[in-house]
Structures are given as structure tokens and as C-alpha cells.
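Architecture and fold: a report
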Amino acid sequence: MDRRTFLHLLGKGALVSSVAGIFPDLLFGQSAFDLGLQGQELIQNGEYAKAVEVLQKAVAMDPSSDWAYGLLGRAYRGLGKTAEAVDAFRQALRINPEDTYSRWMVEMMTQKPIPKLPKKEKPRSPLEIQAEEEEKRVLGRLASKESLEYQVKRVVVDAGHGGFDSGAVGLSGLKEKDVTLELATRLHRRLEAGGRVKSFLTRTGDYYIPLSDRTAVANQYQADLFISIHINANENRKANGSETYYCAEKASNQEAARVAEFENSVLKFDEEFKKEEGFISIEEILFHFEQRMYWKESGSFAGRFQEKFKTDLPFRSRGVNSANFFVLRRAKMPAILLETGFISNPEDESKLKTPAFLDRVADSVFRGIA
Amino acid sequence: MRTLWGRLILVATMFAVFAGAAAWAADVNDLLFEGADHHYRGLVDQAIGKFQEALRLDPENEYAHNQLGILYAKKERYDDAFREFSKVVEIDGRNTFAHLWLGILYLRKNDLDRGFTKFNEVIALDPGNADAYYFIGAIYNIRHNPVKAIEYLKKARDADSEEAETHYRLGTAFSNLDMVHNALLEYDRTMALKPSHTKAMNDMGWILYNQGKVDEAVDKWKKVLETNPKDRDAQSNLAKAYGDMALKLQGEGKTKKAVQYWKQMLSVQPGNKAAVYYLKKYQ
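Given the structure is predicted, the values throughout are model-derived calculations rather than measurements. (Residues numbered from 1 in each chain as written. Chains lettered and ligands numbered in written order. Predicted model: local features only at pLDDT ≥ 70, side-chain atom pairs only at ≥ 80, totals over all residues.)

Glancing now at the overall build of chain B. Within chain B, the secondary structure is distributed over 15 helices and zero strands. Computed over its C-alpha atoms, the radius of gyration of chain B comes to 28 Å, more than 25% above the 19 Å expected for a compact globule of 283 residues. Considered along the principal axes of its C-alpha atoms, chain B spans approximately 115 × 35 × 30 Å. Per-residue burial for chain B yields a buried fraction of 49% across its 283 residues. (Helix = DSSP H or I, 4+ residues; strand = E, 2+ residues; numbered from the N terminus. Rg over C-alpha atoms; globule rule 2.2 N^0.38 Å. Buried ≥ 20, exposed ≤ 12 C-beta atoms within 10 Å, placed from the backbone.)

Encoded structure:
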């Protein structure tokens, strides 16, 4: 209802109600509109309790009347019953979202605490009953501290490449896809044996999975951490060592940008969110906050893993880098990409062929999570 | 005589003061009403003008300051928005709306601790504030602490069950604990309030998929694409499901059937490298 209609109705109400004062029986029949007018007259006279009584009848008779609900809100407000008033104004708004007056009232009255209305009990559905039983069974035995520390209970381990995509190949023919699968499987077993963290693999054999499907697995299991395992390569056969990447808007250096470009391959990124002029979304603020928190957390995890590699592995530490990796970007959790050694370096390649060495790498990653 | 004139002057002055005050009140309320109307209609600049005018007449009007805060945030003038909400808190520390928005603006600045503190302040002022519980629940969700997230989101839900996002986030927290009945119930409630909630549909799909109800999951994701054909998550989810089925059939030697799934994979993700490769290989 716009202001003009509102004032018009007020004027109309005043006219009709003055007639009603003279011929009450003639006008105050049982129609919702008539009851609305009567309620309006009572509001104008400050008889709010009577107005509520009449207007409740009006809304019961015509539950689609935003006008009657708006009046009921005014009557309750006059009585100082804020919660009931807000409830009536909200109902008016549900019926007519254009009702500026009711919206204004709701916005003004809800700036400060208001009492709550008692809830109406409804019969429970079969799913609600199942949910209640499940809650009693599961939630009761779970406890958590009031801590804002990031928690990891589920990890998705991604073996990079696979199938027709062999990744980088070493001088002796060792393929990146085989090493990553070996490492991922060992880490998965280690995590499962540890018992504290649930682990899931993106692939369990030699087949190709597109990058978008890998993060889909992370989302499928609501993972708390996504670890993508890769082995580095460089035209310079002497290049060696381990490094950890995490997703950030900008690459930390040229080399990081190059690696991201190589790993991203043929992908196209999501379209950037186009900001709508004159619009603000709480959910969008939360979404960006969430994303930035995950990136920050990814940076912490990356640092932690790289520290472990420094002490646990016979590799030179090439440090932590950030870049815009598709495989990491689409994950709804902290995500990191490990490059444990250079397959292009003959010395690293020979280490990566050894099961005992692969166990060492898997152990080191495991300790970074634990 | 002097006394009579004096009384007349006093009466006239009082009349002028009361009449002026009545006119002032009417003016302020008119401006607030017009500002609220402009705001609703998306006329941000006009709404700002009206609320600024209202504040010139009534500098401590909390509603006008709060509305200006939101309007400035809409124009990405976040520092101005912060100033307006802070002003409200100065005027009346019980204004929970302003406290909430200060908390939201802290989150926008990545200041997790201050945001969290603000929302707790709101709860201290108003133990029934659904929004404050929601934000704290959302923060726990983002910190992947589903137990605490559930505790707060349930309070948000119990205080106001009409918010689709509360049900959705509660659904994800339950899903994170494998409490599938509760998760599905909350996703159902999300959908009842907002049938176009694609994130809820996508997540429901995974619960069904993980329960082995592949067809039902696929239906959910297809429904997402009906709502938003560009939904990347639904495309990836469907591609993953088709890919899983194709690989399984391929492993069983049922290449012809597998080819059908690779085709479907390609239809939802044109250019999908796996689908292109296997179709080329087996067709």
C-alpha cells in the first residue's frame, strides 16, 4: 500500500466512520471491510483494546487483507504490545510487500529487543520424528568447545592427474599420475588408521577425473580440508625440492603463476561476481568472508605442511607459494596443493620410486594434519 | 495590563512551540516514511537524501541513522556505514540492529574476533535475537565446528523459523556430522521457504547420492539446472555422477552403456576432457 492509498483509506475511513457514528447498525455488519473501518475509528479514538478485538475478527474473516493487518498492528502498538504489533505488520507485509507503512513500522520496532510470541505447536512429520531420534542418538554424545579454531575431521585426498593424463614424466619413465596415486593411497590408509580423521579419495585407480569433479568430491563429503598431491617438473633437470601451494587471488611469484597455469590446463574460471548497483546481500558478505577465511586457513596449512617437509624429507624446501588454482578455488574448504619433489630431477625421481620413501612423504603429510 | 500582555505572550509562545513541535514531528515522520519508501523501491540516492534531511531535523533519530548505514553499505561506502551504525550505538547502546550491522561490517573486513564479539553482545542485549544466533552459527559453520554451529543455528531457527538461510546452514552442519535425517529435514524446510534455493538442492543431491539413491540425486541436480542453467556446482555434480556411472560400466565391460553416460556428461559439461577422450576412444 503506498502512502497515497493509505491516506485515502484513512480519509475514507474518517468519512464512513462519522456516518457510522450516526447509523451504527446500518454500517457495522459482518463484512471484514466494515470491521476494518470500525477498528480504524476505535484506533483514532484511542480505544486500542476494542480495536484489537474488532480487527482480529476482520482478519479472521478476510486473512488476505493487508489493510486490516496493518490496522491490527497499529492497534497493538497503541496497546504497547510490540511483539503482537510486529507480527501483524509482518503479516500485512507478507500479503503486500509494497506496504511501506507496515515495513517502516517493522523496521523501526525491531531495532531494539522485542518480546517473543509463544509458538504454535504443529503435528510432527515422519521425517521430523526420525530427525528427533537421530539427534538424541548422535548429538548428545558430541561436545565441542567455544573455540573459533578451525577443525579438521574430514579430509579429501586428491591424486593428481590419472588415466590418459599422465602428468609429468621422468627420465626413466616414472609417471606423475602413478606417484600421486601411490602417495594419496598411502596417506588415505594412514589417516584411516589414525582414526581421528575420516579420509576420502578422489580417485582409487588409473583413470582421469576432470578438475571440477575433484572438488565435487570434496563437496560431496563436506570435507574440512582438501589436499591435492602433485609432483613438480621443470625443463631444468637440476630443479629439485618440495613446495606447497594454496589458493589466493594473485600468484605469489612468476613461478607460482606458471605452475598454476600448467595445472589449470584448459580450464576457464568462474565468472567474477558482478556487483549489482544499490544492492547488498548478507549472504554475499558471508560467502566472501568464508572464502577469505578458507584462503587464510589454506595458507596456515600450507605453512604447516612445508615445515614438516623441511624436517621430515630429504628435499630442499622451496617454500610456500600462492596462486589461483582452479582445483583449489572451487573447493568450499581450505585447500592446498603439494608438490613433493621434481619428477624431472633424476635424483628425486629415483626416490619417488621407492615405497619406503613414499611412506615417509605420506607420514609427513599425515603429521601436518594431525 | 503588563501581566495580561505577559500572559498573552506566554500563551502565544507556547502555542508557537507546540505547533512547531507538532509540525516538526510530522515533517520528520514524513521524511522517514518517504525515505523508507524510496529505499524499498531501490532509489538509493533519493532515500539517502530523505534520511539526511530527517537527521537535520532530528540528529539523534536512530532509525534514520540505521537506514543511512544500510544505504551507504549498498553504495559500498562502508566507512560511512560504519560511522552511522556506531552513532546509533552511541545514542542508545540497546539498539541491536546497529550492533548487528557493526558485526556484519567487521566480517566484511575479515575481522572474525570483533564480529563474533559483536554478535555475542547482541545476544547479551536480546537473548531471543535470531539474527545474532544465525551469524554465530554461520561463523562456527565456516570454522567447520558443526556441533557449535548446530547449537547456535537451532537457537536462530527456534527464534525465527522463517529464514531459509538458517535452515540451509543448519542442514550443512547436520550433513557435516552425517546426521542425514536432520540435514534432509532442514533442507526440506529451506526449500519450502525458498523453492529456488539451489545450494540446498545441490547438497540434498549429495546426501541422496551417498545413500546410493543415484537417480533421485540426479533429479535434484537437474532441477537445479532448470532453476539456473549456469549453476557450476550442479554441472560438476552431474558430471561427477555420470562419470562415476560410466567408469563403473566401463569396468564391467559394458562399453555401449558407458558411452551413453559419457554423452550425458558432455551434455552438462561441454568440453569435459574425460567425456571427450572416452567418446573418441569408444565411439
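This is not the end of the story, as more comes after the structure.
Residues and elements named next belong to chain A. Pairing in this open sheet of six strands is mixed, and the strands run S2-S1-S3-S6-S4-S5 from one edge to the other. Of all strands in the sheet, those with a lone pairing partner are strand S2 (198-201) and strand S5 (317-323), marking the two edges. In this sheet, adjacent strand axes meet at a mean angle of 20° when their direction is disregarded. Taken together, the five bridges between strand S4 (residues 242-247) and S5 define a ladder with parallel strand orientation. Directly across from threonine 244, in S5, lies its bridge partner valine 320. (Pairing = 2+ DSSP bridges. Axes fitted to C-alpha atoms, helices over the stretch in contact; angles between N-to-C directions.)

A word on the interface of chain A and chain B. Each partner contributes to the interface: chain A provides 52 residues, whereas chain B provides 59 residues. Those elements that provide at least two residues to the side of chain A that touches chain B are helix H7 (100-109), helix H8 (126-138), helix H10 (211-220) and helix H12 (282-312) of chain A. Looking at the side of chain A that touches chain B, the element that brings in the most residues is H12(A), giving eight residues. (Contact = placed C-beta atoms within 7 Å.)

The next thing to look at is the nonpolar core. Of all hydrophobic cores here, the largest spans 111 residues; its most connected members are Leu55(A), Leu72(A), Ala75(A) and Ile136(B). Considering every element that reaches this core, the biggest residue donor is helix H7 (residues 130-142) of chain B, with ten residues. Setting aside chain neighbours within four positions, we find Ala75(A) in contact with Gly39(A), Ile43(A), Tyr48(A), Ala51(A), Val52(A) and Leu55(A). Formed by 48 residues, the second largest nonpolar core is a distinct cluster that contains Leu191(A), Ala233(A), Tyr245(A) and Met333(A). (Core = buried A, V, L, I, M, F, W, Y, C linked by C-beta atoms within 7 Å.)

What follows deals with the domain arrangement of chain B. Each assigned domain of chain B is listed with its residue range as follows: domain 1 (24-109) and domain 2 (220-283). Each of domain 1 of chain B and domain 2 of chain B was reduced to a C-alpha centroid, and the two centroids are 50 Å apart. (Domains from an automatic or database assignment.)

With that out of the way, let us pick up the confidence of the model for chain B. Residues and elements named next belong to chain B. Across chain B, the average pLDDT comes to 91, with 91% of residues at or above 70. Of all the helices and strands in chain B, helix H1 (residues 2-40) carries the lowest mean pLDDT, 67, while helix H4 (residues 78-91) carries the highest, 98. At the level of chain-chain contacts, confidence expressed as ipTM amounts to 0.85, with global pTM at 0.85. (pLDDT = per-residue confidence, 0-100.)

What follows concerns helix H5 (residues 96-108) of chain B. Taking 1.5 Å per residue, 13 residues should reach 18 Å; H5(B) reaches 18 Å between its end C-alpha atoms and fits that length. Counting buried residues in H5(B) gives 13 out of 13 residues, a clear majority hidden from the surface. (Expected span 1.5 Å × (residues − 1).)

Next up on the list: the packing of helix H11 (residues 198-210) of chain B against helix H13 (residues 232-251) of chain B. Residues and elements named next belong to chain B. Viewed as axis vectors pointing N to C, H11 and H13 meet at an angle of 15°, and their least axial separation amounts to 10 Å. One way to sum up the angle between H11 and H13 is to call them roughly parallel. Here the hand of the crossing between H11 and H13 comes out left-handed. Contacts between H11 and H13 involve Thr198, Asn202, Gly205 and Tyr209 from the first element and Asp233, Ala234, Asn237 and Ala241 from the second. In the contact of H11 with H13, the residues fall into three nonpolar, four polar and one charged. (Parallel < 35°, antiparallel > 145°, perpendicular 65-115°, else oblique. Left-handed = near helix turned anticlockwise from the far one by under 90°. Nonpolar A, V, L, I, M, F, W, Y, C, P; charged D, E, K, R; others polar.)

Residue and element names in this part refer to chain A. When you tally the buried positions in strand S3 (residues 225-232), you get eight out of eight residues, the bulk of the element. The side-chain alternation of S3 yields two buried faces, one formed by Leu225, Ile227, Ile229 and Ile231 and the other by Phe226, Ser228, His230 and Asn232. Bridge count for strand S1 (residues 154-159) against S3 is five bridges, and the pairing is parallel. Bridge assignment links aspartate 158 to a residue of S3, and that residue is serine 228. Sheet topology note: the S3/strand S6 (residues 335-342) ladder contains six bridges and is parallel. Each bridged residue has a counterpart across the sheet, and for isoleucine 229 the counterpart in S6 is leucine 338.

So, on to helix H4 (residues 48-61) of chain A. Residues and elements named next belong to chain A. Taking 1.5 Å per residue, 14 residues should reach 20 Å; H4 reaches 20 Å between its end C-alpha atoms and fits that length. Taken residue by residue, H4 has Tyr48, Ala51, Val52, Val54, Leu55, Ala58 and Val59 as its buried positions. Looking at the buried side of H4, the elements it contacts are helix H3 (32-44) and helix H5 (66-79).

Residues and elements named next belong to chain A. Averaged over all residues, the pLDDT of chain A is 85; the fraction at 70 or higher stands at 84%. Below a pLDDT of 50 lies the segment residues 1-28, which in the model reaches 31 contacts outside its immediate sequence neighbourhood of four places, other chains included. Here residues 265-274 is modelled with pLDDT under 50, and outside its nearest four sequence neighbours on either side it reaches five contacts, counting other chains as well.

So, on to the packing of helix H14 (residues 255-268) of chain B against helix H15 (residues 273-282) of chain B. Residues and elements named next belong to chain B. Closest axis-to-axis distance for the H14/H15 pair is 9 Å, and the angle between their directions is 145°. When the axes of H14 and H15 are compared, the crossing they make is left-handed. From H14, Thr255, Val259, Trp262, Lys263, Met265 and Leu266 reach across to H15, where they touch Ala275, Val276, Tyr278, Leu279 and Tyr282.

On to the pairing of S1(A), then. Residues and elements named next belong to chain A. With six of six residues buried, S1 lies mostly within the body of the structure. Residues Arg154, Val156 and Asp158 of S1 are buried on one face, and the alternating residues Val155, Val157 and Ala159, pointing to the opposite face, are buried as well. The pairing of S1 with S2 spans four bridges and is parallel. Pairing of valine 155 across the sheet is with serine 199, part of S2. Crossover connection from S1 via helix H9 (residues 176-194) to parallel S2: handedness right-handed. (Right-handed = clockwise from strand over helix to strand, strands pointing away.)

What follows deals with unusual backbone geometry. Where the residue is not glycine, phi is negative for most of them; where a peptide bond is considered, it is trans in most cases. One non-glycine residue, His161(A), adopts positive backbone phi at about 60°. In this fold, His161(A) is placed in the loop between S1 and H9. The exposure class assigned to His161(A) is buried, which follows from the 25 C-beta atoms found within 10 Å. One non-glycine residue, His144(B), adopts positive backbone phi at about 55°. His144(B) gets classed as buried once you count the C-beta atoms within 10 Å, which come to 23.

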